[in-house]
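Spelled out, the chains give:
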Amino acid sequence: VSTQSTGGSACTLVARRTAAWLSDPSNAPLSLDCARLLLDAIIIDTSGFASFANRATKLDISMAHFLLRLVDDKHDTSMDLEKNDYVQKSLETLNQAKSSIDGLSVRQLLRKDYKQIDTIGLAALTLPLETFVEKWTEEKFNIADYAKESGIDVLILCGLTFKPKFQRQLGLWCRNDEMFHNLSSFFGDHKDLQCEEISTEQSNLILWNQNNTDYSRKKISPLLLHCLLYTSDAADDRISV
């Protein structure tokens, strides 16, 4: 899939390819189920096109209207998607499913929405990071063993909560003390992130409230790689990518 035009969701790019495919009448039509799957992925990735989340691009909006026309032939493309009934009902259902963590262990929570770039693990969590760390402590979770099994040296936690307000949080764990010092200083001092430290007693783990909510995991990843690759203090411990 081409990434020349970016969107808040990878499925937006798939939808664009799909639209090009459907422009040829000789090609098979898209099933209603597939249209809904693509649309729901875009809805959850853009937080229902909420203006406060600032995650939806013009391409996301355009492709959402395209898919909504397939789902509902009476869809009004001039309507604000943030107020669209289908979008809001789907968002509520998807958020409930995504936020359901009953019975999940720390290991399962980490793997629920997880990406790995070489030896960097990035886990998105739909709960306050303080709650996650409490669970970590209760289970006596061994992060060093988990890191060894997963082949990671760095674990980034991206927390997200919606009540009482939309809040992003950031967590950092490193296997190496020097790397932990370098990265915690980098993130903590980064002006764009606007981080406020949250106290924790776990070794080599630091948590922050991230007051700039524009920085999702998608934007955190290149910041981390930039620090590891170009910060001279971390050069000896850098990750190959």
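What you are looking at is a predicted structure, and each value in this text was computed from that prediction instead of being measured.

**Description of unusual backbone geometry**
Thinking step 1. In the Ramachandran plot, Ser47 falls in the positive-phi region, its phi being about 55° despite a non-glycine side chain.
Thinking step 2. Residue classification places Ser47 among the buried residues on the basis of a relative accessible area of 8%.
Thinking step 3. Of note, Lys140 is a non-glycine position whose phi angle comes to about 55°, a positive value.
Thinking step 4. Tracing the sequence through the fold places Lys140 in the loop between helix H6 (129–139) and helix H7 (143–150).
Thinking step 5. We classify Lys140 as exposed; its relative accessible area is 74%.

**Some points on the confidence of the model for the protein**
Thinking step 1. For the protein, the mean per-residue pLDDT works out to 87, and 92% of the residues sit at or above 70.
Thinking step 2. Across residues 232–241, where pLDDT falls below 50, the model places 20 contacts with residues more than four positions away in sequence or in other chains.

**Considering the state of the cysteines**
Thinking step 1. Throughout the structure, instances matching the rule amount to zero disulfides.
Thinking step 2. Lacking any disulfide linkage, Cys11 is separated from the closest cysteine sulfur, that of Cys34, by 11 Å.

**Comments concerning helix H3 (residues 58–71)**
Thinking step 1. The end-to-end C-alpha distance of H3 is 20 Å, a good match for the 20 Å that 14 residues give at a rise of 1.5 Å each.
Thinking step 2. Turning to H3, its buried residues are Leu59, Asp60, Met63, Ala64, His65, Phe66, Leu67, Leu68 and Val71.

**Looking at the packing of aromatic side chains**
Thinking step 1. Under the criterion given, the structure shown has six aromatic pairs.
Thinking step 2. Ring centres of Phe132 and Trp136 lie 6.0 Å apart, and the angle between their planes is 75°; on these two criteria the pair is classed as edge-to-face. Placement of the pair is Phe132 and Trp136 together in helix H6, with a separation of four residues, close to one helical turn. The exposure classification of Phe132 matches that of Trp136, with both residues buried.

Thresholds, definitions, all that
Per chain, residues are indexed from 1 in the order of the written sequence. Local features in this predicted model are restricted to residues whose pLDDT is 70 or higher, and side-chain atom pairs enter the listing and the counts only when it is 80 or higher, whereas totals over whole chains, interfaces and linings include all residues. For side-chain calculations, the full set of non-hydrogen atoms in the structure is used, while hydrogens and water are omitted. In this scheme, a residue with accessible area under 20% of its type's maximum is buried, one over 50% is exposed, and one in between is partly exposed, where area comes from a 1.4 Å probe on protein chains only. Only runs of H or I of at least four residues qualify as helices and only runs of E of at least two qualify as strands under DSSP, and these elements are numbered from the N terminus. Scored from 0 to 100, pLDDT reflects the predictor's confidence in each residue. Residue contacts are defined here by distance: any two heavy atoms, one from each residue, within 4.5 Å place the two residues in contact. A pair of sulfur atoms, both from cysteines and within 2.5 Å, is called a disulfide here. Helix span is expected to be 1.5 Å times the residue number reduced by one. Between 30 and 60 degrees the pair is tilted, below 30 it is stacked and above 60 it is edge-to-face, where a pair is any two Phe, Tyr or Trp rings, Trp via its six-membered ring, whose centres lie within 6.5 Å.

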